[in-house]
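Residue-level structural notes
Chain by chain, the residues run as shown.
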Amino acid sequence: MSSMFRSLAVPNYRLWFTGALVSNVGTWMQRTAQDWIVLTELTDHDAAAVVIVMALQFGPMLVLSPYAGVLADRYDKRKLLMVTQAVMGLLGLALGLLVLTGVAHLWHVYGFALLLGIVAALDAPARQAFVSEIVSDSNLANAVALNSASFSAARMVGPAVAGVLIALIGTGWVFLLNAVSFLAVLASLHRMRVDALRPAPPAARGRGRLREGMRYVAGRGDIVIILVIVFLVGTFGYNFPIFTSTMATVEFSAGAEAFGLLSSFLALGSVAGALVSARRERPRMRSVFLGAALFGITVLLAAVAPSYWFFAAALTLVGVVSQTLMTAANSTVQLTTEPAMRGRVMALYMAIFVGGTPLGAPVVGWVANAFGPRWAMGVGAGSGLLAALLAVFWLVRYQHLRVRVRRDARPRLVVTHDGAAGSGGTVSG
């Protein structure tokens with residue numbers, strides 16, 4: 001099997017990948033239908049309402065993820081995921097029935113977004129850390145990249161399908177189809193060979209487990225700078241529902257099908273970025289730093305797009321860069337974290353990445369309403385450029401970055417360490 005898809009040689013991972021792909025398609029269908037019904041049916045193109053939904057859905061991640069990480073390190077991740085996935089499927093079913101019966105109001109969508117956010121906060125750390133129990137460490141970076149490719153492929157297919165189905169049969173049926181899609185991931189978890197998994201040692205019971213995880217991260221400067229980058233870009237740059245919905249409706253006067261297609265262009269680039277990442281044996285810090293800078297540049301390019309199709313093309317580039325950035329960040333954190341701490345560290349990672357949305361989305365939504373969607377995307381571009389500048393500062397201040405020009409080779413960026421910092425390393429320019 002090609003090195004790009006080597007993790008698929010593991011039977012348990014094939015099951016996980018297939019089930020997650022089907023479920024992810026349903027999830028993106030629901031997200032598109034949710035944004036559309038809020039923006040066009042329950043309000044009069046109010047970006048603030050979309051922001052509230054996003055805040056309610058992602059806010060619990062900020063508060064609950066650290067505690068969910070303790071649960072993920074303490075209990076069987078596979079069984080925990082079966083519970084959370086089943087509950088999320090039931091929530092999609094209930095919301096679909098409300099919409100189909102014509103009794104859904106905006107506050108219903110708000111309520112279900114909050115409930116879904118709570119369950120997703122409990123699900124995310126276990127889901128992230130569970131991959132390391134399915135494949136070996138040598139295949140972990142590849143498996144993380146393929147997971148990203150699956151998620152991005154679903155983002156490409158789901159919104160486009162949702163756009164067509166919304167026009168043909170309405171949003172209610174889209175919510176019901178999402179509920180059905182959760183059966184795929186539940187079936188994959190049920191069929192896995194438990195004896196082939198590599199469970200990490202469970203965290204000890206008792207108080208202080210959360211503080212233990214925080215102290216571990218605080219002592220790892222390399223993880224801290226990645227989390228800072230993830231926070232900035234995730235909080236202010238990854239507000240794609242606001243960007244695409246407001247640009248589509250306000251700037252380009254697009255309908256449901258064209259709106260869904262924009263997310264597919266973004267996802268097309270994300271799939272490409274994830275597959276490029278899957279070819280690498282190990283992630284590199286420079287991919288995170290360079291990715292932050294390129295993210296800012298490509299989002300800025302999309303912000304000044306003069307037409308719908310130019311904007312769609314720019315979104316494809318945004319997808320490539322953003323996926324490369326986040327795949328490298330995720331893989332680097334997982335591979336350099338002790339197995340017994342992985343659930344708590346990935347919980348903090350997800351809390352910062354997703355949980356920052358309630359902080360950044362209101363700012364971005366206000367900018368979109370007050371100054372227009374192009375300025376809102378400018379905020380997203382600025383987050384990537386600022387993250388890149390902070391990464392350079394960290395390299396110079398704490399890793400003693402120097403540029404050395406060799407006559408027999410191209411210019412290289414060399415990172416040297418003093419005796420207290422540990423072993424030296426090189427970051428090629």
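Our subject is the structure listed above.
My aim in this report is to walk through the structure given alongside it, one point at a time. Counting restarts for each chain: residues are numbered from 1 in the order of the written sequence. Local features in this predicted model are restricted to residues whose pLDDT is 70 or higher, and side-chain atom pairs enter the listing and the counts only when it is 80 or higher, whereas totals over whole chains, interfaces and linings include all residues. With hydrogens and water set aside, each side-chain value is computed from the structure's full complement of heavy atoms.

Helix and strand counts for the chain stand at 15 helices and three strands. Relative accessibility under 20% of the residue-type maximum defines a buried residue, over 50% an exposed one, and the middle range a partly exposed one, all with a 1.4 Å probe and only protein chains included. Here the chain holds 429 residues, and 56% of them are scored as buried. In the chain, once contacts between residues fewer than 6 apart in sequence are set aside, the share between residues at least 24 apart is 82%. Residue-level accessible areas treat just the shown protein chains as cover; the underlying method is Shrake-Rupley with a 1.4 Å probe. Per element, the accessible surface of the chain, about 17,800 Å² overall, is 67% carbon and sulfur. Runs of H or I in DSSP of at least four residues are treated as helices and runs of E of at least two as strands, each being numbered from the N terminus. Contacts are assigned to residue pairs that have any heavy atoms within 4.5 Å of one another.

Before going further, it helps to examine the pattern of salt bridges. Salt bridge, as used here, is a side-chain nitrogen of Lys or Arg placed within 4 Å of a carboxyl oxygen of Asp or Glu. Summed over all chains, the structure comprises five salt bridges. Across the pair R127 and D123 runs a salt bridge, and its minimum N-O distance is 2.7 Å. Within this pair, R127 and its partner D123 are both found in helix α4 (residues 106-134), separated by four residues, close to a single helical turn. You can call R127 partly exposed: its relative accessible area is 29%. Classification of D123 by relative accessible area gives buried; the value is 1%. In this structure, R220 and D222 form a salt bridge, with 2.9 Å as the shortest nitrogen-oxygen distance. A relative accessible area of 18% places R220 in the buried class. You can call D222 partly exposed: its relative accessible area is 24%.

Among the secondary structure elements, F243 is positioned in helix α9 (residues 240-251). The spacing of F243 and A368 is 125 residues in sequence and 8.4 Å in space, taken between C-alpha atoms. Setting aside chain neighbours within four positions, we find F243 in contact with F236, G237, F311, V364, A376, M377 and G380.

We now examine the packing of helix α2 (residues 47-74) against α4. Two numbers describe a pair of packed helices, the interaxial angle and the distance between the axes. Only the contacting stretch of a helix is used when fitting its axis, a line to C-alpha atoms as for every element, and angles between N-to-C directions run 0 to 180 degrees. α4 packs onto α2 with a crossing angle of 30 degrees between their chain directions and a minimal axis gap of 6 Å. Judged by the angle between their axes, α2 and α4 are roughly parallel. The interaxial crossing formed by α2 with α4 has right-handed handedness. Here the term charged refers only to Asp, Glu, Lys and Arg, the term nonpolar to Ala, Val, Leu, Ile, Met, Phe, Trp, Tyr, Cys and Pro, and the term polar to all other amino acids, Gly among them. Across the contact of α2 with α4, the residue classes tally to 22 nonpolar, four polar and no charged. If an angle is under 35 degrees, it is roughly parallel; if it is over 145, roughly antiparallel; if it lies from 65 to 115, roughly perpendicular; otherwise it is oblique. Helix crossings fall into two classes, left-handed where the near helix is turned counterclockwise from the far one by less than a right angle and right-handed where it is turned clockwise.

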